[in-house]
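Now for the letters of each chain:
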Amino acid sequence: DAFLHEEWFQGKRPRSVFFTGGAILKEIDGLKEDDFYLRYVEAVRNRIGGRYPIFLQTAPKTKEVAKRFRDAGVTAHEPNIEVWDERLFNILCPGKAKFVGRDKWIRLMLDEVDVFGEGNVSPCMVAGVEMCQPWGFDSIDEAIKSVREGFEFMMSHGVLPRPLEWAIEEGSALKSNIPPPLEFFVRYMITWYESWIKYRLPPVPR
């Protein structure tokens, strides 16, 4: 109804629908994760039609499940890997490491490109967490080297990472950190841009 009937100020009308809710490890309403999200995607798509894109954020899926998402109306999938370095992934994303594993996460992201198309598999990368202490890299050069490796690998296979600046929040195990210096973020985005241009990918879909 928000898309079809509500009045919006000029230029303020929503341009897309975004679903996120994290991993679902137990059934909800008798539904496992894939079917739980699909019922909402299908309901919204049936209501608003095909004009507006729908973005879904879950763990990466097999081609079979990805096709179900696509056929239900998902435009792009966002399987957020968060950080590229294998050691840091296992430390900072223990749930993802336990239930999926980094190698499988990457393999499934690449497989999904065959379903959604280049640029429409768009995982979040938490820019700056590479330098978190006590586990992260000690130098900007080391951190950017890891970032470049990730961007090159993913973009060369049609996966389009979405950089999102690391927010240090109370309650986090990293709350005592200070943000990396501005130089890191400037080099981070230059590195992203260089890979994006090199592999001629479309803009980030969301």
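Look a little higher up for the structure.
Residues numbered from 1 in each chain as written. Predicted model: local features only at pLDDT ≥ 70, side-chain atom pairs only at ≥ 80, totals over all residues. Heavy atoms only, no water.

Draft legend 1. Examining the overall build of the chain more closely. What the chain contains, in helices and strands, is seven helices and five strands. Order of helices (α) and strands (β) in the chain, N terminus to C terminus: β-α-β-α-β-α-α-α-β-α-β-α. A compact globule built from 206 residues would reach a C-alpha radius of gyration of about 17 Å, and the chain, at 18 Å, matches this within 12%. For the chain, the spread of C-alpha atoms along the three principal axes comes to 50 × 40 × 35 Å. The proportion of buried residues among the 206 residues of the chain is 44%. Of the roughly 11500 Å² of accessible surface on the chain, 53% is carried by carbon and sulfur atoms. Computed over 28 positive and 31 negative side-chain charges, the separation of the two mean positions in the chain equals 4 Å. (Helix = DSSP H or I, 4+ residues; strand = E, 2+ residues; numbered from the N terminus. Rg over C-alpha atoms; globule rule 2.2 N^0.38 Å. Buried < 20%, exposed > 50% of the residue type's maximum accessible area, 1.4 Å probe, protein only. Areas by Shrake-Rupley, 256 points an atom, 1.4 Å probe, with all protein chains shown as cover. Lys, Arg positive; Asp, Glu negative; His and termini not counted. Charge placed at Lys NZ, Arg CZ, Asp CG, Glu CD.)

Draft legend 2. Quick peek at the packing of helix 6 (residues 140-156) against helix 7 (residues 182-199). Taken N-terminus to C-terminus, the directions of helix 6 and helix 7 make an angle of 25°; their axes are 9 Å apart at the nearest point. One way to sum up the angle between helix 6 and helix 7 is to call them roughly parallel. By crossing handedness, the relation of helix 6 to helix 7 is classed as right-handed. Touching I140, D141, A143, I144, V147, R148, F151, E152, M155 and S156 of helix 6 are E183, F184, R187, Y188, T191, W192, E194, S195, W196, K198 and Y199, all from helix 7. Here the contact of helix 6 with helix 7 is built from residues that sort into 11 nonpolar, three polar and seven charged. (Axes fitted to C-alpha atoms, helices over the stretch in contact; angles between N-to-C directions. Parallel < 35°, antiparallel > 145°, perpendicular 65-115°, else oblique. Left-handed = near helix turned anticlockwise from the far one by under 90°. Contact = heavy atoms within 4.5 Å. Nonpolar A, V, L, I, M, F, W, Y, C, P; charged D, E, K, R; others polar.)

Draft legend 3. Examining the packing of aromatic side chains more closely. Scanning the entire structure with this criterion turns up nine aromatic pairs. Ring centres 5.6 Å apart and planes at 40° place the aromatic pair W84 and F153 in the tilted group. Placement of the pair is W84 in the loop between strand 3 (76-77) and helix 3 (86-92) and F153 in helix 6, with a sequence separation of 69 residues. Note on F184 and Y188: the rings are 5.6 Å apart at their centroids and 50° apart in plane angle, and the pair reads as tilted. Here F184 and its partner Y188 are both found in helix 7, four residues apart, which amounts to about one turn of the helix. Like F184, the residue Y188 is buried in the burial classification. Chaining the aromatic ring pairs together yields one cluster made of F151, F184, F185 and Y188. Looking at R206, its charged tip hangs above the ring of F18, at a distance of 3.9 Å from the centre. (Phe/Tyr/Trp six-rings, centres within 6.5 Å; stacked < 30°, edge-to-face > 60°. Lys NZ or Arg CZ within 6 Å of the ring centre and 35° of its normal.)

Draft legend 4. Structural detail: the state of the cysteines. A complete count under the given rule lists zero disulfides for this structure. As a non-bridged cysteine, C124 has C93 as the owner of its nearest cysteine sulfur, 10 Å distant. Unpaired in terms of disulfides, C132 finds its nearest cysteine sulfur in C93, a separation of 10 Å. (Disulfide = S-S within 2.5 Å.)

Draft legend 5. Quick look at the environment of E42. Structurally, the position occupied by E42 is in helix 1 (residues 33-48). On the basis of relative accessibility, which here comes to 37%, the residue E42 falls in the partly exposed class.

Draft legend 6. Just the sheet that holds strand 2 (residues 54-57), in detail. Here we have three strands laid out as an open sheet, ordered 1-2-3, and parallel in their pairing. Strands at the two margins of the open sheet, each flanked by one partner only, are strand 1 (17-20) and strand 3. With two bridges joining them, strand 2 and strand 3 adopt parallel strand pairing. Paired with F55 across the two strands is A76, which belongs to strand 3. Its contacts with the sheet place helix 1 against strand 1 and strand 2, and it is angled at close to 170° to strand 1. (Pairing = 2+ DSSP bridges.)

Draft legend 7. Inspection of the pairing of strand 5 (residues 162-165) at higher detail. In this structure, strand 4 (residues 124-127) lies alongside strand 5, joined through four bridges in parallel fashion. The partner of C124 across the bridge, within strand 5, is R162.

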